[in-house]
Amino acid sequence: MKEQFLAQEAIMAGKKSRKLLIGAFLFFTCMVSILAFALKDSMDLSDVKSKKILLAFGALAAVMILSVIVGMIKSFRVPRKGQNLKLPMKENSKEAVAAIINKEVEEGKLLLNEYMSCFPEGKKPYGSRVLLTESYLMLTEDTGIFTAIPRDKIYWFCAQPGIKGRSSYIVRFLVFTENGTFSVDGEYVEKVADKFYQYIPNVFKDYDVFELSYQLEAMYAKNRPAFLAFYEEEKVKMANSTVKKENPGTLDISLTLENQNGKISNIRDIDIKDYLEDMFADNDQFVILAPEKTVNGIAFVQACQVKDQISVQLGLEEKNGSRLVEIYCSKQECMDIFLHFYDTGRVENMERYTPVQRM
């Protein structure tokens, strides 16, 4: 019978654990053999000091062998009924949460499964991961143990850069919840966070993550009511902004929206979001937003994926002719650029865009 998702993860973690144990045991055996060969002529079994050294080596070897045996036995055990789950919210039993997670994965509702490190093509990934289903965000350190956090208990998460000399990590995936903060480390965290913002809104998207993450972490620890008040305020702003954008844009000009599947007119911001989400999920897809005539010198805004990055390009009409400029950005920034142009006919910070080619 095929094992369910959490059991499969535990089995894979057990295999990795056995490899590590065997490797450690072989290393220990080699070191002991080298030491024994080097000291064989200087050891005298009638000498008390030599006897003590041999007893110490024997005790160390016994502890090592016992540890390997215990570890190997544990690695073959497959936890059932959610025994490899940590539930910081204690919202339900491990068995009940495991049933939810296993069911959602079986139904194809494992939305994201991202490693915190980037690996060359062909190399098997390993290490910390963050996973997302319809109901749970899960953090794991590649041990088969998952910290499962209900999505409705999450306030915010971000890629928090470390501060040299003050932190042990380069970047970490930091999660603020109703019952504490949780994190995993890795250099690929920023791209992972951008992917997760597609499913869990970034309430603080208008702020600088580096500054804000440390400020909020301190506020959360020392003054939880102030944190919650600030969070609720930004949540209301985002909700109001969403309601506003679900109406037709303020431009008194018609726009068209195009991708590989065709072109539509009389568009709303919801159409733009849908088209961009399709493009984020398909490396071969593109999106073009174009007014019926040039607006503020911009003939169109278009985007596509280029090597796991988002390229946003502007078609500009100028006195000396036409040109194409571009910027590489996150998915959230791409979304913001398109929606801002849809609302106002303008693109902010155009000095950041670099020329591509003559049109």
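This section reports on the structure supplied with the text. In this text, all values refer to a predicted model and were calculated from it rather than measured experimentally.

**Let's talk about the sheet that holds strand 6 (residues 154-161)**
Point 1. Spatially, three strands are ordered 6-7-8 in an open sheet, and the strand pairing comes out antiparallel. Among the strands making up the open sheet, the edge pair consists of strand 6 and strand 8 (180-185). If you compare each strand with its neighbour and ignore which way they point, the axes differ by 20° on average.
Point 2. Pairing between strand 7 (residues 171-177) and strand 8: six bridges, direction antiparallel. Counterpart to Val-175 in the pairing with strand 8 is Phe-182.
Point 3. Contacts from helix 4 (residues 189-196) reach strand 6, strand 7 and strand 8 within the one sheet, and its direction differs from that of strand 7 by about 35°.

**With respect to the pattern of salt bridges**
Point 1. Summed over all chains, the structure comprises 14 salt bridges.
Point 2. For Glu-107, the salt bridge identified is with Lys-103, shortest N-O distance 2.5 Å.
Point 3. In this structure, Lys-273 engages Asp-269 in a salt bridge whose closest nitrogen and oxygen atoms are separated by 3.5 Å. Here Lys-273 and its partner Asp-269 are both found in helix 7 (residues 269-281), four residues apart, which amounts to about one turn of the helix.
Point 4. A residue is classified by how much of its surface remains accessible, and Asp-269, at 0% relative accessible area, is buried.
Point 5. Bridged by salt links that share partners, the residues Lys-103, Glu-107, Lys-109 and Glu-134 form one connected network.

**A short note on unusual backbone geometry**
Point 1. Here the phi dihedral of Lys-90 falls at roughly 50°; this positive angle occurs in a residue that is not glycine.
Point 2. Structurally, Lys-90 can be placed in the loop between strand 1 (85-86) and helix 3 (94-106).

**Digging into a negative patch on the surface**
Point 1. A cluster of acidic residues, Asp-274, Asp-278, Asp-282 and Asp-284, forms a negative patch on the protein surface.
Point 2. If you trace the backbone, Asp-282 turns up in the loop between helix 7 and strand 11 (286-291).

**Brief notes about the packing of aromatic side chains**
Point 1. Applying the stated criterion across every chain, the model contains 17 aromatic pairs.
Point 2. Between Trp-156 and Phe-204 the ring centres are 5.1 Å apart and the planes differ by 85°, which places this aromatic pair in the edge-to-face class. In this pair, Trp-156 is assigned in strand 6 and Phe-204 in the loop between helix 4 and helix 5 (209-222), connecting sequence segments 48 residues apart. Like Trp-156, the residue Phe-204 is buried in the burial classification.

**Comments concerning the nonpolar core**
Point 1. Membership of the largest hydrophobic core comes to 36 residues, with the highest contact counts inside it found for Trp-156, Phe-173 and Phe-196.
Point 2. Those elements that place two or more of their residues in this core are strand 3 (129-133), strand 4 (136-140), strand 6, strand 7, strand 8, helix 4, helix 5 and helix 6 (224-245).
Point 3. Here this core gets six residues from one element, more than from any other, and that element is strand 6.
Point 4. If we ignore the near neighbours within four places in the chain, the residues touching Trp-156 are Leu-174, Val-175, Phe-176, Tyr-197, Asn-202, Val-203, Phe-204, Leu-212, Ser-213 and Leu-216.
Point 5. Membership of the second largest hydrophobic core comes to 29 residues, among which are Phe-280, Val-301, Ile-327 and Ile-337.

Quick notes on the rules
Residues numbered from 1 in each chain as written. Predicted model: local features only at pLDDT ≥ 70, side-chain atom pairs only at ≥ 80, totals over all residues. Heavy atoms only, no water. Pairing = 2+ DSSP bridges. Helix = DSSP H or I, 4+ residues; strand = E, 2+ residues; numbered from the N terminus. Axes fitted to C-alpha atoms, helices over the stretch in contact; angles between N-to-C directions. Contact = heavy atoms within 4.5 Å. Salt bridge = Lys/Arg side-chain N within 4 Å of Asp/Glu carboxyl O. Buried < 20%, exposed > 50% of the residue type's maximum accessible area, 1.4 Å probe, protein only. Patch = residues over 30% accessible without salt bridge, like charges linked within 9 Å, V, L, I, M, F, W, Y side chains within 5 Å. Areas by Shrake-Rupley, 256 points an atom, 1.4 Å probe, with all protein chains shown as cover. Lys, Arg positive; Asp, Glu negative; His and termini not counted. Charge placed at Lys NZ, Arg CZ, Asp CG, Glu CD. Phe/Tyr/Trp six-rings, centres within 6.5 Å; stacked < 30°, edge-to-face > 60°. Core = buried A, V, L, I, M, F, W, Y, C linked by side-chain atoms within 4.5 Å.

Nothing here speaks to function; it is all geometry.
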